[in-house]
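Structure assessment
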Amino acid sequence: GAGVSQSPSNKVTEKGKDVELRCDPISGHTALYWYRQSLGQGLEFLIYFQGNSAPDKSGLPSDRFSAERTGGSVSTLTIQRTQQEDSAVYLCASAGQGDSNQPQHFGDGTRLSIL
Amino acid sequence: AQSVTQLGSHVSVSEGALVLLRCNYSSSVPPYLFWYVQYPNQGLQLLLKYTTGATLVKGINGFEAEFKKSETSFHLTKPSAHMSDAAEYFCAFRRDTGRRALTFGSGTRLQVQP
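This report concerns the structure included in the present document. Please read these numbers as outputs of a predicted model, since none were measured by experiment. (Residues numbered from 1 in each chain as written. Chains lettered and ligands numbered in written order. Predicted model: local features only at pLDDT ≥ 70, side-chain atom pairs only at ≥ 80, totals over all residues. Heavy atoms only, no water.)

Before going further, it helps to examine the side chain of B:Ser73. Residue and element names in this part refer to chain B. Tracing the backbone through its elements, the reader meets Ser-73 in strand S8 (residues 73-78). Exposure remark for Ser-73: the relative accessible area of 1% places this residue in the buried category. Setting aside chain neighbours within four positions, we find Ser-73 in contact with Cys-23, Asn-24, Tyr-25, Glu-66, Phe-67 and Lys-68. (Helix = DSSP H or I, 4+ residues; strand = E, 2+ residues; numbered from the N terminus. Buried < 20%, exposed > 50% of the residue type's maximum accessible area, 1.4 Å probe, protein only. Contact = heavy atoms within 4.5 Å.)

Okay, here's the thing in structure tokens:
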């Protein structure tokens, strides 16, 4: 597709369950970012992948959060043992080569609700 | 820590009036600056960006922003508001070294009254 694709668009799950969120970046984009958007915290950086380099995980809020990027393309964000405070919109973005001044292009997000 | 501050969580203007959304950054070195717009249930769409060079940046949908180093500001303007401009607007910055992720302001919700 032409843009960043995220799935599912909505996810409702019970507290304590694990969830996986998927992101398909724009073809050819080497940089991939995950952000979280919540009412109380605004937009927060979670994790950043750039090519084959080690990811920048400095924004992950706890060890229940992890992400991987397979083959330099698709990324999966996993939240284990979900808590109610994990309820938020999770946004993925990608950027092109030489991303120091390349804009990030965002998907429409996954709205996660923890019951 | 470096940050951006958006003054005014809600701004209301009449259709046809000037739109001014304020953003100030805190950085000893001018960073890369961006304005994004978010419509309901959608992701963020880039309006414009400042990297280097011309301090007046033109973006999509008639928006523009001026980088003022002396005031550490990057305010977003549009001469004449349209109903379709109603959305939430985020100012963001990114450093040119180290972490490449965006740091966002808290957002400004723009209402356009008929």
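So, next bit.
Our next topic: the sheet that holds strand S3 (residues 19-24) of chain A. Residue and element names in this part refer to chain A. Judged by pairing direction, the sheet is antiparallel, and its four strands sit side by side in the order S1-S3-S7-S6 without closing on themselves. In the strand order of this sheet, the two ends are held by strand S1 (5-7) and strand S6 (65-69), each with one partner. The mean angle between the axes of side-by-side strands here comes to 15 degrees, regardless of whether they run parallel or antiparallel. As paired elements, S3 and strand S7 (residues 75-79) share five bridges and run antiparallel to each other. Bridge pairing links Glu-20 to Thr-78 in S7. (Pairing = 2+ DSSP bridges. Axes fitted to C-alpha atoms, helices over the stretch in contact; angles between N-to-C directions.)

Let us now look at the environment of B:Gly107. All names here are of chain B. For Gly-107, the position within the fold is in the loop between strand S10 (103-104) and strand S11 (108-113). Taking the C-alpha atoms as reference points, Gly-107 and Gln-6, separated by 101 residues in sequence, lie 6.4 Å from one another. Ignoring sequence-local partners within four residues, the contact set of Gly-107 consists of Gln-6, Gly-8, Ser-9, Glu-88, Tyr-89 and Phe-90.

Looking now at the nonpolar core. Judged by nonpolar contacts, the single largest core of 27 residues is most densely connected at B:Leu33, B:Trp35, B:Leu47, B:Leu48, B:Phe74, B:Leu76 and B:Tyr89. Counting residues per element, the ones that place at least two in this core are strand S2 (10-14), strand S3 (19-26), strand S4 (32-38), strand S5 (44-50), strand S7 (64-68), S8, strand S9 (87-94) and S11 of chain B. (Core = buried A, V, L, I, M, F, W, Y, C linked by side-chain atoms within 4.5 Å.)

To continue, consider unusual backbone geometry. Of note, the amide linkage connecting A:Ser7 to A:Pro8 takes the cis form, showing an omega dihedral of -10 degrees. Even without glycine at this site, B:Asn61 takes up a positive phi of about 60 degrees. Checked against the element boundaries, B:Asn61 lands in the loop between strand S6 (56-58) and S7. Phi angles above zero are rare outside glycine, and B:Thr72 is one such case at about 45 degrees. The topology assignment puts B:Thr72 in the loop between S7 and S8.

Right, let's get into the state of the cysteines. All names here are of chain A. By the definition in use, this model includes two disulfides over all chains. Disulfide pairing is shown between Cys-23 and Cys-92; the S-S distance is 1.9 Å. On the S-S bond that ties Cys-23 to Cys-92, the torsion sits near -65 degrees, and the link is left-handed. One end of the pair, Cys-23, is in strand S3; the other, Cys-92, is in strand S8 (residues 88-95), and 69 residues separate them in sequence. (Disulfide = S-S within 2.5 Å.)

Coordinates in, geometry out; function isn't part of it.
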